[in-house]
There are 2 protein chains.
Amino acid sequence: MNLTVNLERLQANYRIICEQLNGGRAAAVVKADGYGLGCVEVSTALAQQGCRHFFVAQLSEGQLLREALEDVEIHVFNGAMPGTVDDLIEHRLIPALNSLDQIERWAKAAAQRGAELPATIHLDTGMNRTGLGADETAMLIDEPWRLDALNVVHVMSHLGSADVTGSSQPAEQLRRFEACRRQLPMGFASLANSAGIFLDPAYHFDLVRPGVALYGGNPHPDQRNPMQQVVTLTAPILQVRNVAVGDFVGYAATHEVTRPGKVAAIPVGYADGFLRSASNTGIARVGSVQVPIVGRVSMDLITIDVTDVADSELHPGAPVELIGDQVPIDEVARRGGTIPHEMLAALGARYERSYVGRDPSSPTPEQPKTRAARHPSSPRPERPET
Amino acid sequence: MNLTVNLERLQANYRIICEQLNGGRAAAVVKADGYGLGCVEVSTALAQQGCRHFFVAQLSEGQLLREALEDVEIHVFNGAMPGTVDDLIEHRLIPALNSLDQIERWAKAAAQRGAELPATIHLDTGMNRTGLGADETAMLIDEPWRLDALNVVHVMSHLGSADVTGSSQPAEQLRRFEACRRQLPMGFASLANSAGIFLDPAYHFDLVRPGVALYGGNPHPDQRNPMQQVVTLTAPILQVRNVAVGDFVGYAATHEVTRPGKVAAIPVGYADGFLRSASNTGIARVGSVQVPIVGRVSMDLITIDVTDVADSELHPGAPVELIGDQVPIDEVARRGGTIPHEMLAALGARYERSYVGRDPSSPTPEQPKTRAARHPSSPRPERPET
């Protein structure tokens, strides 16, 4: 099985986003190992397009990215958690300060060092997840000395419902963010995630923070997807069998065969991040034929009904497309009852990733085209039989 | 955040399984990196308990395990797929031959080498996933020369519904397996997975193949769990906030606050394998209090309602139990609409795993107690602030 990441299309998606902006800049959200696609590879490709602002969730992700990219801003959403200060400073990472507690910790570190430290201030405007709430924001406005030791390069908030058609939440969050901005006029401002970018220019401010749209996910699932598909997941047929009417397929016998046909087993399962919730609802592509996943997705295997596929396509080793141009990531996610973000991030520990479309004009040295799976159990790729 | 694997309890679970048997042996299913808990660590601990038969899904998993354990049988469920023969032989791996096609490929390799090769024959008895179907099994019985070049050490089938109360499928699979065995009387026989082991001794044969029960999952979810919990997942509080009636929490505003209270954010999300399907349904434990997950699980964060938790437990960095003795893996899975197998396997690429309870009488050299996360973005553990 093979997960192919098309870096040219990733770069094209970045340009599509930049074209939406009127003078503002586009960052890149590359947390969760670049939405499962390789933080360093993805970030390097985007840096080639001029991206200079990167966002990760965890300190450790920032450390890894800093080793790859020396001259970009790296922001860490989790912020200055206890125990992280020294490493944040050492790797020149900018914490999103989510609370007065984090502001105090970061300011204290700056005072101890006798130097201003760069910071993002994260204001919550209605998600009630992370970021300074209205109470803490009011206190910060009243006591601006809390930021004296810091260089606030960026003030951000995050939209909770920008992809929910008809929701009043984005406009309310925008109103609150603008109100705070008037009283905390520091650094550049950002509010928009992927969905916010395509909602309205009012959400753009100085910087937008696309995530899933870069990776091909549709920022507004009920509209045409303006992004290009970035990911292709294929796997070889392990086995094809004949099935008869009344046969059952898979665990708990959830699929009953209703016409004589054929079922193929594919060596991909939920341990690979192919969510079990796609049981009996997902699809795949064999040659030019779309086929249904039948029965439960199991840990290492899925079963597909290949009755309508030509015999010539059904030999062991023949490729099956599980995600790709004909099986878009949004549809895979929707059929599994989730969102492309989760599918991408789950795309497992057991895949070898291949990268195609690396910009030939890249100023960086030639990179290997294949990256080993993250899983430790892949000492080397399986080789074709000779 | 930290995923702790209790190897003593894993070993206790192995002994509990062995006690069910009447002279038969117990193998261990360690595919998917040992159900997400570390194939090598888990297998080494079980080998110390006398386990000599290990099952993985993929060639690459078998290669890794062979490097760690020299003198055990390692079976590969995916079998002799195209392109795998040389590596299987080199690492002394025993393929589960799932089809006449795989038997032919493996026999041809044996003939070319002029030496018998060991093999498992996998008979399908009703799951229609992998394994020789009735048609191929009949052909094999009629043409026993197909196995002439092979040393069949093991004949297996797999139960599809042994954990489904009242299902007639296990008995039907048992009947078919016994019928085949009478005509293919080679090697030792195995049929039972975790659920089959606790179903009835008739399913035990020579070898049983427990998977999820070893790792603490309940083999029969509607009965008392005879296994010990193996996994503990804890994470620190990132931030605590006050929320008011009418506030919303998380993406798409799916949770509305109905009493004044507190919400804590925890830096664990679906990118860590904490499935998004636990949104608004999961639970956690803070101190001695069980608390609900409120709002959507997001990529790197979950939010919990901590209104009923003492303030002394609610500082940033305070531990929250997401899986453990008080939050069993079965309940976590059930609340997420899935099975413990998927939760375990999904327990992500971003955790550091710690191992406790390693048998001090271990004949193997002392092992490090902590293993780095599989994720490449963890150059080193975060250290406590000094």
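Calculation criteria
Along each chain, the written sequence defines residue order, and numbers are assigned to residues from 1. The naming scheme follows written order: chains are lettered A onward, ligands numbered 1 onward. With pLDDT at 70 or above as the cut-off, local features in this predicted model cover only qualifying residues; side-chain atom pairs require 80 or more to be listed or tallied, and sums for whole chains, interfaces and linings still use all residues. The basis for every side-chain value is the complete set of non-hydrogen atoms in the structure, without hydrogens or water. Fitting of the copies onto one another was done by least squares over C-alpha atoms, counting residues only where both copies have pLDDT of at least 70. The contact criterion used throughout is that any non-hydrogen atoms of two residues lie within 4.5 Å. Counting rule for disulfides: a pair of cysteine sulfur atoms within 2.5 Å. Each residue's exposure class comes from its accessible area (1.4 Å probe, protein chains only) as a fraction of the maximum for that residue type: buried when under 20%, exposed when over 50%, partly exposed otherwise. To qualify as a helix, a DSSP run of H or I must reach at least 4 residues; to qualify as a strand, a run of E must reach at least 2; elements of each kind are numbered from the N terminus. When DSSP locates at least two bridges between a pair of strands, those strands are taken to pair. Between 30 and 60 degrees the pair is tilted, below 30 it is stacked and above 60 it is edge-to-face, where a pair is any two Phe, Tyr or Trp rings, Trp via its six-membered ring, whose centres lie within 6.5 Å. Remark: a charge is flagged as sitting over a ring if the NZ atom of Lys or the CZ atom of Arg is within 6 Å of the ring centre and within 35 degrees of the ring normal. pLDDT runs from 0 to 100 and stands for how confident the predictor is about each residue. Contacts described as polar in this section are N or O atom pairs within 3.5 Å, which, within protein, must combine one atom able to donate a hydrogen with one able to accept it, while residues neighboring in sequence count only if both atoms come from side chains. With axes taken as lines fitted to C-alpha atoms, and helix axes fitted only over the stretch in contact, angles between N-to-C directions fall between 0 and 180 degrees. Buried area is understood as the total, over both parts, of accessible area removed when two parts are fitted together, assessed with a 1.4 Å probe. Criterion for a salt bridge: a side-chain nitrogen of Lys or Arg within 4 Å of a carboxyl oxygen of Asp or Glu. Think of it as three bins: nonpolar holds Ala, Val, Leu, Ile, Met, Phe, Trp, Tyr, Cys and Pro, charged holds Asp, Glu, Lys and Arg, and polar takes everything else, Gly as well.

A. Structural detail: the relation of the copies chain B and chain A. When chain B is fitted to chain A, the residual RMSD is 0.0 Å, and the transformation amounts to a turn of 180° plus an axial shift of 0.0 Å. Put plainly, the chains are arranged around a two-fold axis. Looking at the interface residues of chain B, 100% of them are also at the interface in chain A, so both copies use one shared face.

B. Region of the structure containing the state of the cysteines. In this structure the tally under the stated criterion is 0 disulfides over all chains. A:Cys51 provides the cysteine sulfur closest to A:Cys39, a residue in no disulfide bond, and the two sulfurs are 11 Å apart.

C. Quick peek at the pairing of strand S15 (residues 261-266) of chain B. Residues and elements named next belong to chain B. For S15, the buried fraction is high: 5 of the 6 residues fall into the buried class. Both strand S12 (residues 239-243) and S15 contribute to a ladder of 5 bridges, which runs antiparallel. If you follow Val243 over to S15, its bridge partner there is Gly261. Relative to strand S18 (residues 302-305), S15 runs antiparallel, the two being bridged by 4 bridges. Within the sheet, the bridge partner assigned to Ala265 lies in S18 and is Thr303.

D. Molecular detail of the environment of A:Ala57. Turning to its location among the elements, A:Ala57 is positioned in the loop between strand S4 (53-56) and helix H4 (59-68). In sequence terms A:Ala57 and A:Gly79 are 22 residues apart; their C-alpha atoms lie 8.2 Å from each other. Those residues in contact with A:Ala57 that lie beyond four places of it in its chain are A:Lys31, A:Val76, A:Phe77, A:Asn78 and B:Asp300.

E. Main features of the packing of aromatic side chains. By the definition in use, this model includes 6 aromatic pairs over all chains. Considering the side-chain rings of A:Phe55 and A:Phe77, the 5.2 Å spacing of their centres and the 20° angle between planes classify their relative orientation as stacked. Note that A:Phe55 is positioned in strand S4 and A:Phe77 in the loop between strand S5 (73-76) and helix H5 (85-90), a separation of 22 residues in sequence. Among the residues examined, A:Phe55 registers a relative accessible area of 0% and is labelled buried. When the centroid spacing of 5.0 Å and the interplanar angle of 90° are considered together, the rings of B:Phe177 and B:Phe205 count as edge-to-face. Of this pair, B:Phe177 sits in helix H8 (residues 169-183) while B:Phe205 sits in the loop between helix H9 (194-197) and strand S10 (207-208), placing them 28 residues apart in sequence. Overall, the relative accessible area of 0% leaves B:Phe177 in the buried class. One cation-aromatic arrangement involves A:Arg25 over A:Phe188; the distance from NZ or CZ to the ring centre is 5.3 Å.

F. View of the confidence of the model for chain A. Residue and element names in this part refer to chain A. For chain A, the average pLDDT comes to 92, and 92% of its residues sit at 70 or higher. Between residues 363-386, whose pLDDT stays under 50, and residues either more than four places distant or in other chains, the model counts 65 contacts. Among the prediction metrics, the complex's ipTM stands at 0.92, with pTM recorded as 0.92.

G. Quick look at the side chain of A:Asp33. Residue and element names in this part refer to chain A. Along the polypeptide, Asp33 turns up in helix H2 (residues 31-35). Judged by relative accessible area, which is 1%, Asp33 ranks as buried. In terms of polar contacts, Asp33 uses its side chain to reach the backbone amide nitrogen of Cys39, at 3.0 Å.

H. Region of interest: the sheet that holds S15(B). All names here are of chain B. Taken together, the 3 strands give an open sheet; going across it, the order is S12-S15-S18, and neighbouring strands pair in antiparallel fashion. Two strands bound the open sheet, and with one partner strand each, they are S12 and S18. Adjacent strand axes in the sheet meet at a mean angle of 30° when their direction is disregarded.

I. Examining the interface of chain B and chain A more closely. Across the contact, 94 residues belong to chain B and 95 residues belong to chain A. Between chain B and chain A lies a buried interface of about 7300 Å² when both sides are counted; carbon and sulfur atoms form 50% of it. A per-residue breakdown of the area chain B buries against chain A is headed by B:Asn128, B:Arg129 and B:Arg241, which together make up 10% of the total. Applying the counting rule to chain B against chain A returns 4 salt bridges. With a closest N to O distance of 2.7 Å, B:Lys31 and A:Asp300 form a salt bridge. The greatest single-element share of the side of chain B that touches chain A, amounting to 6 residues, is contributed by helix H4 (residues 59-68) of chain B. Of the residues that constitute the side of chain B that touches chain A, the class distribution is 37 nonpolar, 31 polar and 26 charged.

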